[in-house]
Amino acid sequence: MNRSAVNRLGWFFSIVSLALVANIASASVITNIHEFSVSPVFTDNFSDGNPPPSAPDLVGGGAASYFAPAGFPSGAESGGKLQLDSSLGGPYVNAIGDSRKSQFATLSLNLLSLGVTDISGKFDLVAPPARGDAYGLYMLGFGPSASLELDFMVWHGFDDALSIFLVLQDFVSHTITPIAQAPVDFGFAEIALEFDVTNGIIGSYTYLDNNGVPASAATVLGSIGDIPGISVVETGFFAGEAVGGATVPEPMSIALFGIGIVALSMFSRRRIS
Ligand SMILES: [Ca+2]
């Protein structure tokens, strides 16, 4: 296995895995994703009954596939929705080594080579049930000098606050950096999460009605510049839960946030598309 493959495996086994403090009550996160779009090359409407790793072809007919190591059970994709259930996922650790259980699907494409401008997902807007639970989108960056995961998610925090949360995990420096956070309005049926990658990476969200039609204006949550040393960028969606046993105390998580913010300041801007 070459170094690149090792790096990628490291990524996949540490994916979507945010957990920071003690007193974790594990609970499965269950929601539906209705659409996953990587504009302008790919859209999955989850309408053919074949869950990931099966994927629609790219626009123009090129083959695409998901990397979904835990798989999805038959029947998970039904009626134009794919059910995400963290309890069916595998065990992983996050950038600071806390245990997570996540079900996810990564679109196995190098976005850098495809002129991608926008990545979005539409989800049923449910409350992640327990501390450390989340669902949403992520982007992965691989390179000789960086191993990064940007998570954009509906998050049940360790202070019990429910929020829309943009977070950067660095698996080289072992830091987790919060980028931006906003309260969730559960008065809507669905939420669209979107990464605009045309100039740095901008995360925005839009509330939707139960037909997936926008019911609010798009709101920019936060942004980061592009990151040097990244040679491959992939993206996907997930549901994940914290697994009991983590013992990092609350003040430690605050200290780690501070370290992460210092790490972030070292990034320079670079277009990824
Ligand atoms: Ca399908």
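Chemist: Looking at this structure, how should I read the overall build of the protein chain?
Modeler: Secondary structure summary: the protein chain contains two helices and 16 strands in total. Across the 273 residues of the protein chain, 43% fall into the buried class. Within the protein chain, counting contacts between residues at least 6 apart in sequence, those at least 24 apart form 69% of the total.

Chemist: Explanation requested: the pairing of strand S13 (residues 190-196) in the structure shown.
Modeler: Successive residues of a regular strand alternate their side chains across the two faces of the sheet. Across the seven residues that make up S13, a large majority, six, are buried. Direction of pairing for strand S8 (residues 118-124) relative to S13: antiparallel, over a ladder of seven bridges. Along S13, the bridge assignment pairs Ser-120 with Glu-194. Direction of pairing for S13 relative to strand S14 (residues 201-208): antiparallel, over a ladder of seven bridges. Bridged to Phe-195 within S14 is Gly-203.

Chemist: Teacher, can you tell me more about the pairing of strand S9 (residues 134-143) here?
Modeler: When you tally the buried positions in S9, you get eight out of 10 residues, the bulk of the element. In terms of strand pairing, S9 meets strand S10 (residues 146-156) through 10 bridges, oriented antiparallel. Bridge pairing links Gly-143 to Ala-146 in S10. Taking the residues that link successive antiparallel strands as the turn, the S9-S10 hairpin has two residues. The sheet contact formed by S9 and strand S16 (residues 232-242) spans nine bridges and is antiparallel. By the bridge assignment, Tyr-138 is partnered in S16 with Gly-236.

Chemist: I keep staring at the nonpolar core and nothing clicks. Help me out?
Modeler: The biggest cluster of nonpolar side chains holds 59 residues, and the ones touching the most others in it are Tyr-135, Phe-152, Val-154 and Ile-191. Dropping the residues within four chain positions of it, Val-154 is found in contact with Pro-128, Ala-134, Tyr-135, Gly-136, Ile-164, Val-184 and Ile-191.

What counts and what doesn't
Residues numbered from 1 in each chain as written. Predicted model: local features only at pLDDT ≥ 70, side-chain atom pairs only at ≥ 80, totals over all residues. Helix = DSSP H or I, 4+ residues; strand = E, 2+ residues; numbered from the N terminus. Buried ≥ 20, exposed ≤ 12 C-beta atoms within 10 Å, placed from the backbone. Contact = placed C-beta atoms within 7 Å. Pairing = 2+ DSSP bridges. Core = buried A, V, L, I, M, F, W, Y, C linked by C-beta atoms within 7 Å.

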